[in-house]
Amino acid sequence: GESVGLHLPTLSVQEGDNSIINCAYSNSASDYFIWYKQESGKGPQFIIDIRSNMDKRQGQRVTVLLNKTVKHLSLQIAATQPGDSAVYFCAEIMFSGGYNKLIFGAGTRLAVHP
Amino acid sequence: SQTIHQWPATLVQPVGSPLSLECTVEGTSNPNLYWYRQAAGRGLQLLFYSVGIGQISSEVPQNLSASRPQDRQFILSSKKLLLSDSGFYLCAWRTSGGKNEQFFGPGTRLTVL
C-alpha cells in the first residue's frame, strides 16, 4: 500500500555539523509534506512544510528538499545543536474518504554529540 | 493563540479496566481533531479523526472508541483495556478548511499491566 518511510533509523552527528535526514514516499499523488520534530515524552512539533510545486524551502537553520522524480524528501539542519536531538518524522497528506489525513513515516532519531 | 490540552499525562491501568482520555482545544472553532497512538520507538498511527461534533471516523479496527461531545473536546475510550493498548496517545487539531498542518498535544503515556 501507500506509505512514507525513512532510510535511516538513527543518525549521529557532531555538534556544529550539518545533518541530513532522508525520507522516501510512495504516493506519487501526494502534494504536501511536513517535517515534525518529537522530543522524548512530548508531542511532535511542526518544523517545516513543502508543497509538491516546490523543490526547496528554507526556514531557520532548516531546509527541506523535495525530489518528485524519485519521490524523495530530505530535511537539512545547519550547524546542528544539542537541542536538535530528537526523533524526526516526515509526513505526507493523503486525501482519503473525503478528508485530508497525515500519514507518518517511522521516524529517524538524531543524536547530537558535543 | 490556540492551545491543546491532554490529560492525564501518564496513566497505569490494569488489563480489563475502562479508559477515558480527554483532549481539549482552545482558541479555535470547528477544528478537525485527531487521535494517534505511538508505540515505543515507532511512528504515529492514526486511530480516529473528527470533522465536527458527533462525527467520528475510525481508521483501524481496535479495542478503542472516540467521541466528540463538544466542538473542542475529543475523548478516547475503552470499555476493557488490553495489554496491546499500551502506548503514547496523541491528540492533534487542524483548522477546518485551512492549512494542512496539524498541531499536537503533549500526549498521554498509557501503560496497561
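Attention in this report is confined to the structure presented alongside it. Note that this is a predicted model, so its numbers are computed, not measured.

Notes on the pattern of salt bridges
All names here are of chain A.
For step 1, the next point in the chain: Per the counting criterion, the structure on display carries 7 salt bridges over all chains.
For step 2, the next point in the chain: We note a salt bridge from Lys37 to Glu39, for which the minimum N-O separation is 3.7 Å.
For step 3, the next point in the chain: For Lys37, a relative accessible area of 14% translates into the label buried.
For step 4, the next point in the chain: On the basis of relative accessible area, Glu39 is assigned to the partly exposed category, the value being 24%.
For step 5, the next point in the chain: Where Lys42 meets Glu39, a salt bridge forms, and the shortest distance between an N and an O atom there is 3.4 Å.

Some details on the sheet that holds strand β3 (residues 19–26) of chain B
Picture the strands of a sheet paired through backbone hydrogen bonds; they go either parallel or antiparallel.
Residues and elements named next belong to chain B.
For step 1, the next point in the chain: Ordered in space as β1-β3-β8-β7, the 4 strands form an open sheet in which the pairing is antiparallel. Edge positions in the open sheet fall to β1 (3–7) and β7 (65–70), since each of these has one partner strand only. Strand after strand, the sheet turns through a mean of 20° between neighbouring axes, direction not considered.

As for the state of the cysteines
For step 1, the next point in the chain: The tally for this structure, following the rule as stated, stands at 2 disulfides over all chains.
For step 2, the next point in the chain: Linked covalently through their sulfurs, Cys23 of chain A and Cys90 of chain A form a disulfide whose S-S length is 1.9 Å. The chirality of the disulfide connecting Cys23 of chain A with Cys90 of chain A is right-handed, given an S-S dihedral of about 55°. Residue Cys23 of chain A is located in strand β3 (residues 19–25), and its partner Cys90 of chain A is located in strand β9 (residues 86–96); the two are separated by 67 residues in the primary sequence.
For step 3, the next point in the chain: Here Cys23 of chain A falls in the buried class, since its relative accessible area comes to 1%.
For step 4, the next point in the chain: Bridging Cys23 of chain B to Cys91 of chain B, the disulfide has an S-S length of 2.0 Å. On the sign convention where negative is left-handed, the bridge of Cys23 of chain B and Cys91 of chain B, at about -75° about the S-S bond, is left-handed. Placement of Cys23 of chain B in strand β3 and of Cys91 of chain B in strand β9 (residues 87–94) is noted, with a sequence separation of 68 residues between them. A single burial state applies to Cys23 of chain B and to Cys91 of chain B, both of which are buried.

Details of the interface of chain B and chain A
For step 1, the next point in the chain: Of the residues lining the interface, 22 residues belong to chain B; the matching set on chain A comes to 22 residues.
For step 2, the next point in the chain: Each partner contributes to the roughly 1,600 Å² buried at the junction of chain B and chain A, and carbon and sulfur atoms together form 55% of this total.
For step 3, the next point in the chain: Linking chain B to chain A there are 1 salt bridge.
For step 4, the next point in the chain: Linking Lys101 of chain A and Glu59 of chain B is a salt bridge whose minimum nitrogen-to-oxygen distance equals 2.8 Å.
For step 5, the next point in the chain: The interface formed by chain B and chain A contains 3 residue pairs in polar contact (both at pLDDT 80 or more).
For step 6, the next point in the chain: Counting only elements with at least two residues in the side of chain B that touches chain A, the list comes to β4 (32–38), β5 (44–52), β6 (55–58) and β9 of chain B.
For step 7, the next point in the chain: Residue composition of the side of chain B that touches chain A, by class: 10 nonpolar, 7 polar and 5 charged.

Definitions and cut-offs
Residues numbered from 1 in each chain as written. Chains lettered and ligands numbered in written order. Predicted model: local features only at pLDDT ≥ 70, side-chain atom pairs only at ≥ 80, totals over all residues. Heavy atoms only, no water. Salt bridge = Lys/Arg side-chain N within 4 Å of Asp/Glu carboxyl O. Buried < 20%, exposed > 50% of the residue type's maximum accessible area, 1.4 Å probe, protein only. Pairing = 2+ DSSP bridges. Helix = DSSP H or I, 4+ residues; strand = E, 2+ residues; numbered from the N terminus. Axes fitted to C-alpha atoms, helices over the stretch in contact; angles between N-to-C directions. Disulfide = S-S within 2.5 Å. Contact = heavy atoms within 4.5 Å. Buried area = accessible area lost by both parts, 1.4 Å probe. Polar contact = N/O pair within 3.5 Å; in protein donor to acceptor, adjacent residues only side chain to side chain. Nonpolar A, V, L, I, M, F, W, Y, C, P; charged D, E, K, R; others polar.

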